[in-house]
Amino acid sequence: MRRMSGPATRALHDRLLASLASSPKREVARFLPGGRSLDLDTFERRILGAERRLVRVGTASGRPTAVPDTGQLVLLSCRNIEPYLVAIATLWKRGFVPILADADLARAEIADLVRTFRPAFCLLDRRVDPEGGNAEDLGDSLTGLHAFIPARRGAARPVSGLLANGTVLHGDAAVVRLTSGSTGRPRGILATAGQLLADARHITSAVGIRPADTIVCAIPLGHAYGFGHVLMSLVLQGSRPILLEQPLPALLLEALSGPGPLVFTGTPYLFSLLLQAAGRKKLKGLRLCLSAGAPLPAELSRACKDRLGLPIRTFYGASECGGVSYDRSRDGILPDGCVGTLLPGVNVTVRAERGGEEGAGRLCVESDVVALGYVPEGSPELSAGRFVTGDLGRIDAEGRLHLVGRADRMINVGGRKVNPVEIEAVLREVPGVRQVVVFGAPDRHRGQIVCACLVAARGVTREALLMACAPRLAQFKLPRRIEFVERIPVSPRGKTDRKTLLGLVARPPDAPARRPQSPRFTASPHTS
């Protein structure tokens, strides 16, 4: 196994501890529900305890697997709870490279990630361990987490960008973010410590996040948005977070009712929940509202400004390239689709698409933050400091960036990217399903929702489809609207007619007890 001269990840651990030490009397973080806080002394002690335990993962079951300071991959899937901060700081200190997985993944999705990336071990906060392997308790320092050590089957085989024993070949990698490839299979995005810190500098400078701020975070830290804005602001300059385990209206209101200065990083959906919960209550400590992950309706930002005295400031970025643009306008109210002006050090060009809107095209981002590349499957769309996004956009005469659509089929559910190919594969395995197409439909709160249109035998029910999906897909990937049709609508050119599909789910759903004989079935809603 190749050893590095020094763990590339340790720079992030050292920067985190140095930033916290600059104001040692402040709590490292506060957690809701419960209002627990983590002070610096306790945090450092827990890192030491976690370090002793993580370097010995596998020894309790007679299968030692952890080899510190070598860049081994470790899958981390956890809610916004205390052990998350302890775990990631410890992994960085000992030269492990965390794979930042969603906190809501199902057992089958965890198993798929294990097969794809072959991590040395997994750190999980719930029992979604795949078949085979061993589970180990991690002691008091990481209470709430356990380690899962995958079973190794067959000879070790190199994987492009990775070694089969779970070591990153690129020695500068500090994290692996997750996205979906064109086939629906997961792939990782390799980012270095330097890129993560540079992105944090761009964001904090442009947005105006200060060291003395407290950042209220209801989005997962494992998500690129939560990681880049919240965790990396803590690492870079010690901006303390209040971390919500679940995005519940009562918890949002509790967190934002405290003393300031408070920054709220949310999505349009979370801001809608907040406005409903807050009513006419004044949140005097709140000084900045940031929204990313999904398109922000102008009417929502106006409503926030009317009720709370602050507009919602739009931020746009991607896992592959970090922050791209931000709303610096005077009043904070942008036209729908506008995502502000470019961050410092970021250059965006527009690549025209055949048959596309005049002046618009795929957005190509260049900066020192663009990730190293994808693993295990590379792509020319992410290489050499340049990322060709799947977003279609244009730049207006004032230098503002406008998003006008997607060049691919990816569905954006509140900032979480969902590949319809993955969901279609699950639905096709349901007996009686003959054809299926999964697509995204606009949603004012989540950006988009997952919809499915199916040709199926008469006995196939909506409930059966959801039961097949539930154990294999995270909840945010489950179809919220299901249409049964006699045939999938196609255009005169023989391609799936997505305009007709959107029309099927655009009307308010009825509540039929049985499937009618007509070619189109009234949509069956599913509420998560």
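Note: the structure precedes this text.
Residues numbered from 1 in each chain as written. Predicted model: local features only at pLDDT ≥ 70, side-chain atom pairs only at ≥ 80, totals over all residues. Heavy atoms only, no water.

Details of the overall build of the protein
Line of reasoning, step 1. A tally of regular secondary structure across the protein gives twelve helices and 28 strands.
Line of reasoning, step 2. For the protein, the proportion of its 528 residues judged to be buried stands at 58%.
Line of reasoning, step 3. For the protein, restricting intrachain contacts to residue pairs at least 6 apart in sequence, the fraction spanning at least 24 positions comes to 65%.
Line of reasoning, step 4. Of the roughly 21700 Å² that the protein leaves accessible, carbon and sulfur atoms contribute 51%. (Helix = DSSP H or I, 4+ residues; strand = E, 2+ residues; numbered from the N terminus. Buried < 20%, exposed > 50% of the residue type's maximum accessible area, 1.4 Å probe, protein only. Contact = heavy atoms within 4.5 Å. Areas by Shrake-Rupley, 256 points an atom, 1.4 Å probe, with all protein chains shown as cover.)

Quick notes on the sheet that holds strand 4 (residues 97–101)
Line of reasoning, step 1. Pairing is mixed across the open sheet formed by eight strands, whose spatial order is 6-7-5-3-4-8-9-19. The sheet is open, and its two borders are formed by strand 6 (134–137) and strand 19 (373–375), each paired with just one other strand. Geometrically, the sheet is characterised by an average inter-axis angle of 30° between neighbouring strands, direction not taken into account.
Line of reasoning, step 2. Along the sheet, helix 3 (residues 82–93) makes contact with strand 3 (73–77), strand 4, strand 5 (121–124) and strand 8 (173–180), crossing strand 4 at roughly 145°.
Line of reasoning, step 3. On the sheet, helix 4 (residues 107–117) packs against strand 3, strand 4, strand 5, strand 8, strand 9 (186–192) and strand 19 and is oriented at approximately 65° with respect to strand 9. (Pairing = 2+ DSSP bridges. Axes fitted to C-alpha atoms, helices over the stretch in contact; angles between N-to-C directions.)

So, the pattern of salt bridges
Line of reasoning, step 1. Under the criterion given, the structure shown has 26 salt bridges.
Line of reasoning, step 2. Members of the salt-bridge network, linked through shared partners, are R10, E51, D69, K93 and R94. (Salt bridge = Lys/Arg side-chain N within 4 Å of Asp/Glu carboxyl O.)

Side note on the packing of aromatic side chains
Line of reasoning, step 1. By the definition in use, this model includes three aromatic pairs.
Line of reasoning, step 2. Pairing W92 with F227 gives two aromatic rings, centres 6.3 Å apart and planes at 80°, and the pair type is edge-to-face. Residue W92 is found in helix 3, and its partner F227 is found in helix 6 (residues 224–237); the two are separated by 135 residues along the sequence. The residues W92 and F227 share a single accessibility class, namely buried.
Line of reasoning, step 3. Pairing F96 with F121 gives two aromatic rings, centres 5.7 Å apart and planes at 75°, and the pair type is edge-to-face. Highlighted residues: F96 in the loop between helix 3 and strand 4 and F121 in strand 5, separated in sequence by 25 residues. (Phe/Tyr/Trp six-rings, centres within 6.5 Å; stacked < 30°, edge-to-face > 60°.)

Concerning the pairing of strand 5
Line of reasoning, step 1. Side-chain alternation along strand 5 places F121 and L123 on one buried face and C122 and L124 on a second face that is also buried.
Line of reasoning, step 2. In this sheet, strand 5 lies alongside strand 3 in parallel orientation, the contact comprising four bridges. Bridge pairing links L76 to L123 in strand 5.
Line of reasoning, step 3. As paired elements, strand 5 and strand 7 (residues 146–149) share three bridges and run antiparallel to each other. Residue C122 lies in a different strand from strand 7, and its bridge partner there is F148.

A word on the nonpolar core
Line of reasoning, step 1. Ranked by size, the top nonpolar core spans 110 residues in total, and within it F43, F121 and L123 carry the most contacts.
Line of reasoning, step 2. Not counting the four nearest positions on each side in its chain, F43 is found in contact with L16, L20, V28, L38, L85, V86 and A89.
Line of reasoning, step 3. Counting residues in each nonpolar core, the second largest holds 42 residues, with I99, V114, A173 and V450 among its members. (Core = buried A, V, L, I, M, F, W, Y, C linked by side-chain atoms within 4.5 Å.)

Some points on the packing of helix 1 (residues 10–21) against helix 3
Line of reasoning, step 1. Close contact between helix 1 and helix 3 brings their axes to 6 Å; oriented N to C, the two are set at 130°. What the angle tells us is that helix 1 and helix 3 run oblique. Here helix 1 runs over helix 3; the crossing is left-handed. Between helix 1 and helix 3, the contacting residues are R10, L12, H13 and L16 on the first element and A89, W92 and K93 on the second.
Line of reasoning, step 2. Its residues placed into classes, the contact of helix 1 with helix 3 shows four nonpolar, one polar and two charged. (Parallel < 35°, antiparallel > 145°, perpendicular 65-115°, else oblique. Left-handed = near helix turned anticlockwise from the far one by under 90°. Nonpolar A, V, L, I, M, F, W, Y, C, P; charged D, E, K, R; others polar.)

Points about helix 4
Line of reasoning, step 1. Most of helix 4 is tucked away, with eight of its eleven residues classed as buried.
Line of reasoning, step 2. Within the sequence span of helix 4, burial applies to E109, I110, A111, D112, L113, V114, T116 and F117.

With respect to the pairing of strand 12 (residues 262–266)
Line of reasoning, step 1. Counted residue by residue, strand 12 has five buried out of five residues, so it is predominantly covered.
Line of reasoning, step 2. Neither face of strand 12 is open: one carries L262, F264 and G266, the other V263 and T265, and all of them are buried.
Line of reasoning, step 3. Where strand 10 (residues 214–217) lies against strand 12, four bridges are found, and the strand directions are parallel. Looking across to strand 12, one finds that C217 is bridged to T265.

Side note on the state of the cysteines
Line of reasoning, step 1. One pass over the full model with this rule turns up zero disulfides.
Line of reasoning, step 2. We note that C453 lacks a disulfide partner, and the nearest cysteine sulfur, in C451, lies 9.8 Å from it. (Disulfide = S-S within 2.5 Å.)

Side note on the side chain of S141
Line of reasoning, step 1. Turning to its location among the elements, S141 is positioned in the loop between strand 6 and strand 7.
Line of reasoning, step 2. S141 sits in the buried class, given a relative accessible area of 14%.
Line of reasoning, step 3. Among residues more than four places away in sequence, those in contact with S141 are R45, R46, G49, A50 and V86.

Details of the environment of D39
Line of reasoning, step 1. Tracing the chain through its elements places D39 in the loop between strand 2 (36–38) and helix 2 (40–54).
Line of reasoning, step 2. The class of D39 is partly exposed, set by a relative accessible area of 38%.
Line of reasoning, step 3. Once residues lying within four places of it in the same chain are set aside, the contact partners of D39 are E27 and V28.
Line of reasoning, step 4. For D39, the side chain forms a polar contact with the main-chain nitrogen of D41, separated by 3.1 Å. (Polar contact = N/O pair within 3.5 Å; in protein donor to acceptor, adjacent residues only side chain to side chain.)

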